[in-house]
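Each chain, written out:
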Amino acid sequence: MEREILNLINAASRILILTHVNPDGDTLGCASALKEFIGEKADILIQIKDNFNFPNTYSFLPHLNNAKNLSNLEDNYDLVLALDIASIDRIIDKGRVIFEKAQNTIVIDHHKTNSGFGKINYIKGGISSTGEVLFDLFKKIDVKITKDMAVGLYSAILTDTGCFKYESTTEHTFLIASELSKLINTSEIADLCYTNKPKNLILFQNYLITNSTFCLNDKIAYTLITKEIVDKFSAKDEYTEGICETLRSISGVEIAFVLKEVQNGVKVSIRTKEVDATKITEKFNGGGHKRAAGCTIKEKINTAADMLLKEAKALL
């Protein structure tokens, strides 16, 4: 399959690289690395609806500042590659139309819940990150990793492993990181990813943690992000990243979730310590990993919270 992917990339005249909606370091890092490999005939689509305000944290990644968004995307691609996209509903609007009509589509992912929605599905469920999957793919097709590719791949792996602390981190993950570290300054990348946060992001997250709800003897913790709170702090989409992990880190908390009001309902992120988070999200047609999963519930935010609480309590 690896050679088939390479042959399709070589044969295509115009290629679109897709990140998932609300992009994180894994999808953006992989897109950066893959664009560096493919070259001029590839475009990156960062799925941001209105203006090009992808997470500023990752503006150091090569090629992202010249990426497309949904407002300036052209429809002239014969191959589309979806990176770190667990299901087709994580491709929205014009991006999804282009994906579905493309002559060839390739899905490269690490989510175990991904059933495969491309014509070619290169899915390694349970691997630490799509960055690790993409690195292994490059190696199998004898691609030489450049410095710029290493920046993207290392950023993807670093952020999706929680700085190598999640249980999906393996000896192989560390071996990849070791190889990439020969090409880049890993300390500098860690600083760029984690120590350059805007003031209102910290205030926003502090407010949400302070106003969290705890129940079932503190085994469950959750917080609600309403549109009013978002407006109060002028919070961008990426400002919610890390809140759920912080709640989970509290002693005694077994299940943490964050609910955010969006246009079509409520977006949910769940983090757990022992129980399988996908046992909750699958009830709402969501997916993800055993300790980190998500879904969208088309209800009011308080109703959605009650629905999640019911499922979480049943697991505990």
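Please refer to the structure placed before this passage.
**Q** Would you mind going over helix α3 (residues 93–101) with me for this structure?
**A** For an α-helix the count is 3.6 residues per turn, leaving residues at separations of three or four pointing the same way. Taken together, the buried positions of α3 are Gly95, Ile98 and Phe99. Viewed along the axis of α3, the buried residues span an arc of 100°, placing them on a single side of the element. Exposed residues on α3 whose side chains face more than 90 degrees from its buried face are Glu100 and Lys101. Here the buried face of α3 lies against β1 (15–18), β2 (42–45), β3 (79–83) and β4 (104–109).

**Q** Could you clarify how one ought to interpret the sheet that holds strand β8 (residues 255–262) in this entry?
**A** Working definition: the strands of a sheet are paired by backbone hydrogen bonds and lie parallel or antiparallel to each other. Pairing within the open sheet is mixed, and its 6 strands lie in the order β6-β7-β8-β9-β11-β10. The sheet is open, and its two borders are formed by β6 (213–215) and β10 (287–288), each paired with just one other strand. With 8 bridges connecting them, β8 and strand β9 (residues 265–272) associate as antiparallel partners. The residue bridging Val258 from the neighbouring strand is Ser269, located in β9. Sitting on the sheet, helix α12 (residues 301–315) touches β6, β7 (220–225), β8, β9 and β11 (292–297), and the angle it makes with β8 is about 160°.

**Q** Can you help me understand the sheet that holds strand β5 (residues 120–123) in this one?
**A** The strand order β2-β1-β3-β4-β5 describes an open sheet built from 5 strands, whose pairing is parallel. Two strands in the sheet have a free side with no partner beyond their single neighbour: β2 and β5. On average, each strand axis in the sheet is tilted by 15° relative to the strand beside it, whichever way the strands run. Sheet topology places β1 next to β2; 4 bridges connect them, and they run parallel. The partner of Leu18 across the bridge, within β2, is Leu45.

**Q** Whenever I open this one, the nonpolar core confuses me. Can you help?
**A** Buried together is how nonpolar side chains tend to be arranged in soluble globular proteins. Counting residues in each nonpolar core, the largest one holds 51 residues, and the members touching the most others are Leu81, Ile108, Leu134 and Leu180. Top element by residues in this core is helix α5 (residues 147–160). It accounts for 8 residues. Among the nonpolar cores identified, the runner-up in size contains 22 residues, and Val275, Ala277, Cys295 and Ala312 belong to it.

**Q** Whenever I open this one, α12 confuses me. Can you help?
**A** In a regular helix each residue adds 1.5 Å, so 15 residues correspond to 21 Å; α12 covers 21 Å between its end C-alpha atoms and thus fits that length. Among the residues of α12, Ile301, Ala304, Ala305, Leu308, Leu309 and Ala312 are the ones counted as buried. Along α12, the residues classed as buried sweep out an arc of 140° about the axis, all on the same side. In α12, the exposed residues that point more than 90 degrees away from the buried face are Asp306, Lys310 and Ala314. Looking at the buried positions of α12, the neighbouring elements they touch are β6, β7, β8, β9, α11 (278–281) and β11.

The rules behind these values
- Residues numbered from 1 in each chain as written.
- Predicted model: local features only at pLDDT ≥ 70, side-chain atom pairs only at ≥ 80, totals over all residues.
- Heavy atoms only, no water.
- Buried < 20%, exposed > 50% of the residue type's maximum accessible area, 1.4 Å probe, protein only.
- Helix = DSSP H or I, 4+ residues; strand = E, 2+ residues; numbered from the N terminus.
- Arc of directions from axis to C-beta.
- Contact = heavy atoms within 4.5 Å.
- Pairing = 2+ DSSP bridges.
- Axes fitted to C-alpha atoms, helices over the stretch in contact; angles between N-to-C directions.
- Core = buried A, V, L, I, M, F, W, Y, C linked by side-chain atoms within 4.5 Å.
- Expected span 1.5 Å × (residues − 1).

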